[in-house]
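Secondary and tertiary structure notes
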Amino acid sequence: MSKPQKLFDLIAYVNMKRRFTANDVAKEFGISVRTAHRYLLELDAMGIPLYTEPGRNGGYRVLSNRMLPPLIFSEDEALAIFFAFQSLQYYKSLPFEVDIASVSRKLFLGLPADAKPQIENLKSTLAFWHRKREIETPQLKKLIQKAAQKKVIKIQYQSQRKLTGRIIYPIGVYANDNIWYVPAFDYGKQTIRLFRADRIIEVEDAEGNFEPITETLNDILYSYRIKDPVHLYVKLSENGIVRCKDNPYFETNIQYNSDTTGGFIDTTIDKADLNFVSNFFMSLGDEALVIEPLEIREFILASARKLVDQYS
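Residues numbered from 1 in each chain as written. Predicted model: local features only at pLDDT ≥ 70, side-chain atom pairs only at ≥ 80, totals over all residues. Heavy atoms only, no water.

**As for the overall build of the chain**
- Broken down by element type, the chain carries 11 helices and 13 strands.
- Since a compact globule built from 312 residues should have a radius of gyration of about 20 Å, the 27 Å found for the chain marks it as more spread out than a globular shape.
- Oriented by its inertia axes, the alpha-carbon framework of the chain measures out at about 85 × 60 × 35 Å.
- For the chain, the residues scored as buried account for 36% of the 312 residues in total. (Helix = DSSP H or I, 4+ residues; strand = E, 2+ residues; numbered from the N terminus. Rg over C-alpha atoms; globule rule 2.2 N^0.38 Å. Buried < 20%, exposed > 50% of the residue type's maximum accessible area, 1.4 Å probe, protein only.)

Below, the structure is given as structure tokens:
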């Protein structure tokens, strides 16, 4: 194996190991201990953040901000990564400290010369667009760390009504429509609640013994558990079908009438979702007619009367 190849593999090795000695490197790569020391010095000169720990049990360790080895991408892979980073520019807060413009520029400079004009053309014709929001989420990085560490935390949460203290187990963090959300088990309410990360003002570790939580982020995002079933039946116009298809909550429940004009939704929802479902079908106006449940019909009727009174 050539020296450049050994150095490349050594970069990957030290990134994988938190602590190691020159003897470890020598055994791994079949070189002498003296050569291992020399190679490690060369990595240090290249900017790999190595720290030497003296003493009998000493050795080398990589600082927490570890350098990644150079990677080789195909042209299509590089284009995909370039535009994925471009899409992040619409986020006001990100969970990692990175200059999106700088990363995009580095990716662009690393592309073959004949691929660069294609990128320039695509930049004006292709965008993974998100609505840009100016919402700061100062606790985002800490929330992700606590979720990864599986820590129970105490938070100060600014709801629409008041500031409250909560003890929660953050199951994970996800972004939707450029807003970060934290599904978490609320020990005070004894149920899973969804918190907006930008409304979490303070985060600190909670003290005490807490019931272990087995829910995962995948469980939250990709499974729908009905605790209190409610039958939902809604007649839809053709435009109502289009509107429901745009909503992930309803898109898989749409059925078409036999005469292909319009359709309907006949499914079961959880009672906890009644407010969300009521507001959605209220927004559809005469493109939807809710038959069941009665609670949604009454909500829409009361809301319509308020609007009539407001504009009378």
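**What to know about the environment of Tyr-90**
- Take Tyr-90: it is sitting in the loop between helix H4 (75–87) and helix H5 (100–109).
- In this structure Tyr-90 comes out as buried when scored by relative accessible area, which is 15%.
- Along the sequence, Tyr-90 and Glu-136 sit 46 residues apart, while their C-alpha atoms lie 12 Å from each other.
- Apart from the residues within four sequence positions on either side, Tyr-90 is in contact with Ala-127, Phe-128, Trp-129, His-130, Lys-132, Arg-133 and Asn-178. (Contact = heavy atoms within 4.5 Å.)

**Description of empty space enclosed by the protein**
- Enumeration over the complete set of coordinates arrives at one cavity of 30 Å³ or more.
- The calculated volume of the largest cavity comes to roughly 70 Å³.
- Residue lining of the largest cavity: Tyr-90, Tyr-91, Lys-92, Ser-93, Arg-133, Ile-135, Thr-137, Asn-178, Ile-179, Trp-180 and Asp-198, and that is the complete set.
- Considering only residue class, the lining of the largest cavity consists of five nonpolar, three polar and three charged. (1 Å grid on protein atoms, 1.4 Å probe; cavity = no way out; pocket = protein on both sides within 12 Å on 5 of 7 lines; lining within 4 Å. Points joined across faces, edges and corners; volume = space filled by probe spheres on them. Nonpolar A, V, L, I, M, F, W, Y, C, P; charged D, E, K, R; others polar.)

**So, a negative patch on the surface**
- A grouping of Glu-75, Asp-76, Glu-77 and Asp-114 is seen on the molecular surface, where their side chains present a negatively charged patch.
- Residue position: Glu-75 is located in helix H4. (Patch = residues over 30% accessible without salt bridge, like charges linked within 9 Å, V, L, I, M, F, W, Y side chains within 5 Å. Areas by Shrake-Rupley, 256 points an atom, 1.4 Å probe, with all protein chains shown as cover. Salt bridge = Lys/Arg side-chain N within 4 Å of Asp/Glu carboxyl O. Lys, Arg positive; Asp, Glu negative; His and termini not counted. Charge placed at Lys NZ, Arg CZ, Asp CG, Glu CD.)

**Focus on unusual backbone geometry**
- Going from Glu-292 to Pro-293, the amide bond is cis rather than trans, its omega being 5°.
- When you line up the elements, Pro-293 lands in the loop between strand S13 (288–292) and helix H11 (294–311).
- Backbone geometry at Gln-190 places phi at a positive 60°, although glycine is not the residue there.
- Positionally, Gln-190 belongs in the loop between strand S7 (179–186) and strand S8 (191–196).

**Some remarks on the packing of helix H1 (residues 3–16) against helix H3 (residues 33–46)**
- Axis separation between H1 and H3 bottoms out at 11 Å; the angle between their running directions is 75°. The angle between the axes of H1 and H3 places the two elements in the roughly perpendicular class. In contact with Lys-3, Lys-6, Leu-7, Leu-10, Ile-11 and Val-14 of H1, H3 contributes Tyr-39, Leu-40, Glu-42, Leu-43 and Met-46.
- Among the residues making up the contact of H1 with H3, the classes are represented as eight nonpolar, no polar and three charged. (Axes fitted to C-alpha atoms, helices over the stretch in contact; angles between N-to-C directions. Parallel < 35°, antiparallel > 145°, perpendicular 65-115°, else oblique.)

**Thoughts on the nonpolar core**
- Of all hydrophobic cores here, the largest spans 19 residues; its most connected members are Leu-10, Val-14, Phe-20, Val-25, Leu-40 and Leu-43.
- With five residues, H1 is the largest single contributor of residues to this core.
- The contacts of Leu-40, once residues within four sequence positions are left out, are Leu-10, Val-14, Phe-20, Val-25, Leu-50 and Tyr-60.
- If you look at the next biggest cluster of nonpolar residues, it comprises 18 residues, including Ile-254, Leu-274, Phe-280 and Ala-288. (Core = buried A, V, L, I, M, F, W, Y, C linked by side-chain atoms within 4.5 Å.)

**Focus on H3**
- End to end, H3 covers 20 Å across 14 residues, agreeing with the expected 20 Å (1.5 Å per residue, within 8%).
- By the burial criterion, the buried members of H3 are Thr-35, Ala-36, Tyr-39, Leu-40 and Leu-43. Buried residues along H3 cover an arc of 135° about the axis, so they all sit on one side. The exposed residues of H3 that point more than 90 degrees off its buried face are Arg-34, Leu-41 and Ala-45.
- On the buried face of H3, the contacting elements are H1, strand S1 (19–20), helix H2 (22–29), strand S2 (50–53) and strand S3 (59–62).
- The positive-phi residue at the C-terminal boundary of H3 is Gly-47, with phi of around 105°. (Expected span 1.5 Å × (residues − 1). Arc of directions from axis to C-beta.)

**Considerations on the layout of surface pockets**
- The space that makes up the largest pocket amounts to roughly 2400 Å³.
- If you go around the largest pocket, you meet 49 residues; those closest to its centre are Tyr-174, Leu-194, Tyr-224, Tyr-249 and Asp-273.
- For the lining of the largest pocket, the secondary-structure elements that each account for two or more residues are strand S5 (163–170), strand S6 (174–176), S7, S8, helix H8 (217–222), strand S12 (263–270) and helix H10 (274–283).
- With six residues, the top contributor of residues to the lining of the largest pocket is S8.
- When grouped by side-chain class, the residues that make up the lining of the largest pocket number 20 nonpolar, 15 polar and 14 charged.

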